[in-house]
Amino acid sequence: MDRVFHTSFYMPKDIVILGQAYAGSGGGQPLLWQHLFWFLAHPEVYVLVLPPMGIVAEIIANNTRKPLHGYKTLVYSMMGIGIMSFVVWAHHMFISGMSAALGNFFLVTTMIISVPSVAILTCLIFSLKGGSIRYNLPMAYALAFLPLFGIGGLTGLPLGLTVTDIYLHDTYYVIGHFHFVVVTGSIIALFAGVYHWFPKWYGRKMNDTLGWIHFWGTVTTMCGIFGPMLFMGLAGASRRLYDPTAQFHNLPVQGWNVVSTYSAYALALFQLPFVYNFFHSMWRGEKTVENPWQATTLEWACPSPPPHGNFEKTPTVHRGPYEYSVPGRKNDFWMQTEPS
Amino acid sequence: MAKNNNNHDEHRPNVGLYLKVFGALMVLTVVTVAISKVHLSRPLAIGLGLTVASVKAALVCAIFMHLWGENKVIHKALWITVACGAIMLLPLIDCLLVAQRITAPVSVAEQHPGGHGEAHAAEAHATEPVKVEAAAKSKPAAKKGGH
Amino acid sequence: MNNPDTHSGVTNAKLGVWLFLASEIMLFATLFTSYIVLRMGSTSWPWGWDVLNVPLATLNTVILISSSVTIVMAYARAYDKDKGGFQKWMAATLLLSLGFLVVKGFEYGHEFALGIGPHTSVFYAIYFTMTGLHGIHILGGIAVNGGLLWMSTVDEHWNNHLFLGRVEGAGLYWHFVDVVWIFLFPALYLL
């Protein structure tokens, strides 16, 4: 509204932009924008990351043929993250002029929210121990998620600590951090989900060769783009500069921009096998059985693709969702709908 | 308000109560408009106005929206909402009571030449840290003048 | 029958409406917080009686509260399966809502004629934004209530066991709009 209707919600009095006085009346506060924006946007990023974490948990349980480690911890941690995500937003604004006291408050809540995140990642990693790991495409993506999201999360710690954030705020380090969590985190998990559930959607499997090309290409180029940003930021390279070479300390790290750019083009190219694979397999993929991954959960108990209403008759659930490798049974999985 | 056993989960309407609440709401509206005409001190005016508004809102919520006697799940959901809304006030309280308000505009009087305002105006156009002091100095004066 | 067969103990529809209202509460809470911030950060703030038409807004308050009563009466008639009564009270609600918008139209028209708009000052910016958003919510409510009134003329809908739940849901939304105005009126006009 400030731009279109010349209101002054965020424009302070007598502000002059590019030599011209602002057309509105003034009297607003830029800080208001920051608080309103981040009050939304911080919970938003947890909306972006929690469902992919769930997908990874599902795929890991399936492809290690054993129940998840610390299932209850996982669930309570996810709930804890959801609740805490509402009281951390001002860690995006540590240098906006807040008092140190308020900064301390958000520092503490941000450190608290990192605990359940680490708990979730730890449970997922421990779930691998003793498992009979099948290295198919969904599992590859789920495995890649673990260290890469770990990097994203750990690089968030200096940003959550007020003192180090003073240096790192608005540098390339921030860009590296949030892209690691969302791109190498959420998006990789979403790819895992697509490869995992595609047989359910279309009754056909996606092509493995193209999938592996997509996987290796995507993971390496993603790191190629955002890895350099982490140390560019540590060198002090600021964000949103029209001419970064104007700052002397940026010059030594400018070369890494080239690496990022080439990686970005390569990442785009590596998505082509995926797109082709997706649409080609919809019509001409190798036909598959109802439960190709030998999974236990309900969605695998209906035909692929599911008909209208999903199930031929209402399923009866006999046990929990992660009954893999139950001792004494012939099969290494026991579907929820299978009677005892 | 009370649930009946008609296989409905909706609340049984109590028309007499609805009309009484209507009367109360009309009276409270008149009261709040009348109070505002009397020039009370700022905090008292705001306090009274908000109290009357809260009473009216509580009546509408409890009786018309059937919140009185509603399932606990709804109550819990609403308390969570209130908590979320309340935390938005945290930075506001910080801004007003704790931090230097460097984003507050320098008052108009301070910016016009003439009198001691000129010295402050000169400072205000100088570097950022000085502007902080000028704003902080003028803030108490402006706050008194503006009301 | 409307026995809610859910773990929560309420029908999905009612829970859904309340969760929707919770999100609307957050929306208006944000605007009210912004109002507080902008007002406390300003050097001067006009008094409602000086710059706005308070008598007209008081009339609107009376109109809106009355429409809240008429919609709850419509619910009461629907509860007793009294189609004529329901339609009468719902029509009254619609008339009052339209009246609210007409009065608001006069208010805005007068201001626009004087060249006053959201750009004039922060006070007017927040005034137009909040009353405008509230007005859009009134429009939405008119659409829903009008839809329910039409549905009551169709036997298949009137006899549906879910119809009473729908009326209650629409009523909840309408009362919410009324509560917002109950706070908006003193905040902008009186204090």
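Now for a look at the structure at hand.

What counts and what doesn't
- Residues numbered from 1 in each chain as written.
- Chains lettered and ligands numbered in written order.
- Predicted model: local features only at pLDDT ≥ 70, side-chain atom pairs only at ≥ 80, totals over all residues.
- Heavy atoms only, no water.
- Salt bridge = Lys/Arg side-chain N within 4 Å of Asp/Glu carboxyl O.
- Buried < 20%, exposed > 50% of the residue type's maximum accessible area, 1.4 Å probe, protein only.
- Contact = heavy atoms within 4.5 Å.
- Buried area = accessible area lost by both parts, 1.4 Å probe.
- Polar contact = N/O pair within 3.5 Å; in protein donor to acceptor, adjacent residues only side chain to side chain.
- Nonpolar A, V, L, I, M, F, W, Y, C, P; charged D, E, K, R; others polar.
- Helix = DSSP H or I, 4+ residues; strand = E, 2+ residues; numbered from the N terminus.
- Phe/Tyr/Trp six-rings, centres within 6.5 Å; stacked < 30°, edge-to-face > 60°.
- Lys NZ or Arg CZ within 6 Å of the ring centre and 35° of its normal.
- Core = buried A, V, L, I, M, F, W, Y, C linked by side-chain atoms within 4.5 Å.
- Domains from an automatic or database assignment.

**Considering the pattern of salt bridges**
Counted by the stated rule, this structure contains nine salt bridges over all chains. For Asp-82 of chain C, the salt bridge identified is with Arg-77 of chain C, shortest N-O distance 3.0 Å. Residue class for Asp-82 of chain C comes out partly exposed when judged on its relative accessible area of 27%. By sharing partners, the salt bridges in this structure join Glu-70 of chain B together with Lys-14 and Glu-168 of chain C into a single network.

**Remarks on the interface of chain A and chain C**
Contacts between the two partners involve 15 residues from chain A, matched on the other side by 14 residues from chain C. Here chain A packs against chain C, burying approximately 1100 Å² in sum over the two surfaces, 71% of which is carbon and sulfur. If you sort the residues of chain A by the area they bury against chain C, Phe-9, Gln-29 and Leu-32 of chain A come out on top, with a joint share of 40%. Inspection of the chain A/chain C interface yields zero salt bridges. For the interface between chain A and chain C, the tally reads one residue pair in polar contact (both at pLDDT 80 or more). A breakdown of the residues in the side of chain A that touches chain C according to their chemical character gives six nonpolar, nine polar and no charged.

**Concerning the environment of Gly-152 of chain A**
All names here are of chain A. Mapping Gly-152 onto the fold places it in helix α4 (residues 137-160). Each C-alpha atom of the pair Gly-152 and Gly-185 lies 7.7 Å from the other, and the pair is 33 residues apart in sequence. Those residues in contact with Gly-152, other than ones at most four positions away along the chain, are His-177, Phe-180 and Val-181.

**Comments concerning the packing of aromatic side chains**
Taken as a whole and assessed by the stated rule, the structure comprises 48 aromatic pairs over all chains. Measuring from ring centre to ring centre gives 6.5 Å for Trp-47 of chain C and Trp-49 of chain C, while their planes differ by 45 degrees; the resulting arrangement is tilted. Residue classification places Trp-47 of chain C among the buried positions, given a relative accessible area of 18%. Each member of the aromatic cluster is reached from another via a ring pair, and the members are Tyr-141, Phe-191, Tyr-195, Phe-198, Trp-201, Tyr-202, Trp-212, Phe-215, Trp-216, Phe-274, Phe-278 and Phe-279 of chain A. Of note, Lys-205 of chain A hangs over the ring of Trp-293 of chain A, and the distance from its end group to the ring centre comes to 4.7 Å. Lying across the ring of Trp-49 of chain C, Lys-37 of chain B places its NZ or CZ 4.3 Å from the centre.

**Focus: the nonpolar core**
Residues and elements named next belong to chain A. Counting 81 residues, the largest nonpolar core has Ile-60, Leu-124 and Phe-145 as the members making the most contacts within it. Of the domains in this structure, domain 1 (32-287) and domain 2 (291-340) are the two that each give at least three residues to this core. Residues in contact with Ile-60, not counting those within four places in the same chain, are Leu-68, Leu-124, Ser-127, Leu-128, Met-139, Ala-142 and Leu-146.

**Considerations on unusual backbone geometry**
All names here are of chain A. Following Ser-304, the chain continues into Pro-305 via a peptide bond in cis, with omega recorded as -10 degrees. Among the secondary structure elements, Pro-305 is positioned in the segment after β4 (286-287). A positive phi angle, close to 55 degrees, is found at Arg-240, a residue other than glycine. Within the secondary structure, Arg-240 is located in the loop between α7 (208-234) and α8 (255-284).

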